[in-house]
Every structure is written in C-alpha cells, then in structure tokens.
Amino acid sequence: MVRLTARTAAGPPGRRGTAVLALAGGYFLLPLAASVVFTVDVPGEGLTTDAYRQLVGADGFLPSLLLSLGLAAATVALVLLLTVPAALAVRLGAPKLRPVLEVVCSLPLVVPPIALVAGVGTVLRWGPDHLADTPFFRTFAALQNPSFPVVLVIVYTVMSLPFVYRALDAGLRAVDVRTLVEAARSCGAGWPRAVAGVVLPNLRGALLNAAFLTLALVLGEFTVARILGFQPFAVWIVNVSGTQARLSVAVSVISLLITWVLLLVLAFLGGRRSSSRTPGSRTTDSRTTDQESSA
C-alpha cells in the first residue's frame, strides 16, 4: 500500500515535468524548424540546399565570422583578466568594497548601448583632431583598425561586465575561497600558485558560464559595431538580409548552431575535467575505506 501511494504521488510530477520540457522544447525548436523549412523549401523548386551552399562562397561570410570569433576570444580574455582578480581581492581582502564593485560592474545595465556608443564615437572623432601632432594619434588609429577593431573589444568588455560579475559572484559564493587560500598558503604555496592551482579550478563552472555569456553577447551584438562602422558577423547578416532573404535566414540558422556548438564544447570541456578527477577521488576513497576496515 505504501509503495502504491509513493508511485501514485511520484507519477503526476514526472508527467508534469515531461510536459513542461516538451512545451519548452517546442517553444525553442519550432521557430528554428520553421526557419530551416523556409531556407530549404523553395516554391516551384521543391527541397533544395542552395542557400546553405551559397554560404561557402558568399562575399564576407568567412572574414566576418572569423572577426567575430576573434573579438569574442579577446573580450573573454580581457573581461576575465579584469573581473577575476578584482572579485578575489574584494572577497579575500576587502569585503566591505563588494557593494562598490557590484555597482561599478552593474553600471552598463543602466547606460543604454546607443548612449555608450555615442560617447565612444565622440571620443574617436575628437582624438584625431586634437592629437594629430602627438604619438597618441597612432593609438587612435590602431584602435579603429578594420581588420581587428580593438575599440569593439573595449566596448564589449564594458557591456559584458554585469553578466560576468554575476557568474563569478555566484561561483565565489559556492566556494569557501578564504579557507582554500589559507590551506594552500599553509602548505607553502605563494599567492599566484594558490590562486591558479586551488581557487581557479574550483571556479571552473563560473568561468565557463562567464565565457559563454560573453561569447553570446559578442556574436549577437549589432548596434555598436554598426554605428562605429565595422562589419562583424551580426552586421554582415543584416547587410545580406536586405537583398537575399533565404540566405540571411540560413546564415542566422548557422550562427545559432555555431553558438550551440561552442556552448556544447565549453560544457564538454568543463565536464571532462571534472570527470577526470572523479576516478582519482573514488580510488582514494576506496583506499581509505579499505584501510579503515583492515584497522
């Protein structure tokens, strides 16, 4: 009677969970399926993959995609280089400054991207006029190099600060960083080794989440790059959509798939490293159990 009651009680929540997952899957997959059908089903021609085959030879497809991936990699490296030491320093040495750091990292949410890019554009236009006779003129020119616009990396870093900080803060809350650092220091490790060898491996999940959020932001950002006159992948998609509708939808589908693949790669790398430590820990636990039983 008890087993029957437990099964009956556990049945409806399982069905509800399956229904919720099915609805969520339909909500995300049906628009994607409709987009794929639009690109392959041409009236009067039937099923064709011409839109996807044209992507290989499309003018600007590969350069814009490589530019966006390069900008994403540089943005991830820069934003983590700025936020991780700051978050650790506040967590370990100055907890009272945590609200200040949180407010500073959340400011990009208050400033609209259009206002941010308007200010950046004003500075870039002001620089050549007033710094033409100084060495800083070359710096302004290098920031706006079309092959790799460093100014976009700086702007994207500012825009991604709120998301990266939230991901890191959640990871730091889940780990007793102070105890880990003190244990490493008591074993003779210096500060760099304690952070790199003890703290960062325990923050791997938070770092991967921050990297993916930054990657998604850079690949999908359009306003800043368009106003500043650069052509990464998102801008190229919009430019193509004005003349070739099916090709633009095909590019959007490919970009979404690329984002998913990168997410799966990051998740696989994080899961692989964590699973590589599991057998060792299990072996250690089994050895400890055997020693206790023999004693």
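That block above? That's the structure.
Treat the numbers as computed from the prediction; the structure is a model and nothing was measured.

1. Observations concerning the overall build of the protein
Helices and strands together make up the secondary structure of the protein, namely 13 helices and 2 strands. Within the protein, the proportion of its 295 residues that are buried is 32%. The long-range share in the protein, meaning contacts at least 24 apart out of those at least 6 apart in sequence, stands at 76%. Only carbon and sulfur atoms are counted for the fraction: they give 67% of the accessible area of the protein, which is about 18100 Å².

2. Observations regarding helix α4 (residues 98-110)
End to end, α4 covers 19 Å across 13 residues, agreeing with the expected 18 Å (1.5 Å per residue, within 8%). Of all the bends in α4, the greatest reaches close to 25° and is centred on Val104; the proline Pro108 follows between one and four positions later.

3. Some remarks on the packing of aromatic side chains
Applying the stated criterion to the full structure yields 3 aromatic pairs. Where Phe61 meets Phe233, the ring centres are 5.8 Å apart and the plane angle is 65°; that geometry is what we call edge-to-face. One end of the pair, Phe61, is in helix α3 (residues 61-92); the other, Phe233, is in helix α12 (residues 233-241), with 172 residues separating them in the sequence. In terms of burial, Phe61 and Phe233 fall into one category: buried.

4. Quick look at the packing of helix α7 (residues 150-174) against helix α10 (residues 204-220)
Where α7 contacts α10, the two axes come as close as 8 Å, and the packing angle between them is 155°. Classified by the angle between their axes, α7 and α10 sit roughly antiparallel to one another. The crossing of α7 and α10 is right-handed. Between α7, through Tyr156, Met159, Ser160, Phe163, Val164, Ala167, Leu168 and Gly171, and α10, the contact on the second element is made entirely by Ala206, Leu207, Asn209, Ala210, Leu213, Thr214, Leu217 and Val218. Looking at the contact of α7 with α10 residue by residue, the classes come out as 12 nonpolar, 4 polar and no charged.

Rules and cut-offs
Each chain carries its own residue numbering, running from 1 in the written order of its sequence. Side-chain atom pairs in this predicted model are given and counted only at pLDDT of 80 or more, local residue features only at pLDDT of at least 70, and totals for whole chains, interfaces and linings cover all residues. With hydrogens and water excluded, all non-hydrogen atoms of the structure serve as input to the side-chain values. Helical segments are the DSSP runs of H or I of at least four residues, strand segments are the runs of E of at least two, and each set is numbered from the N terminus. Relative accessibility decides the category of a residue: with a 1.4 Å probe and only protein chains considered, values under 20% of the type maximum give buried, values over 50% give exposed, and everything between is partly exposed. The contact criterion used is simple: two residues touch if any of their non-hydrogen atoms lie within 4.5 Å. To be clear on the numbers: accessible area is Shrake-Rupley with a 1.4 Å probe, and residue cover counts the displayed protein chains and nothing else. One less than the number of residues in a helix, times 1.5 Å, gives the span that helix is expected to have. Two axes are fitted around each residue, one to the seven residues ending there and one to the seven starting there, and the angle between them is reported as the bend at that residue. Within 6.5 Å between ring centres, the rings of Phe, Tyr and Trp (the latter by its six-membered ring) count as paired, and their orientation is classed by plane angle as stacked under 30 degrees, edge-to-face over 60, tilted in between. Interaxial angle, 0 to 180 degrees, is taken between N-to-C directions of lines fitted to C-alpha atoms, where a helix line uses only the stretch in contact. Angles below 35 degrees are treated as roughly parallel, those above 145 as roughly antiparallel, those between 65 and 115 as roughly perpendicular, and all remaining angles as oblique. Left-handed describes a crossing whose near helix is turned anticlockwise from the far helix through less than a right angle; right-handed describes the clockwise counterpart. For this scheme, ten residues count as nonpolar: Ala, Val, Leu, Ile, Met, Phe, Trp, Tyr, Cys and Pro. Four count as charged, namely Asp, Glu, Lys and Arg, and the remainder, Gly too, count as polar.

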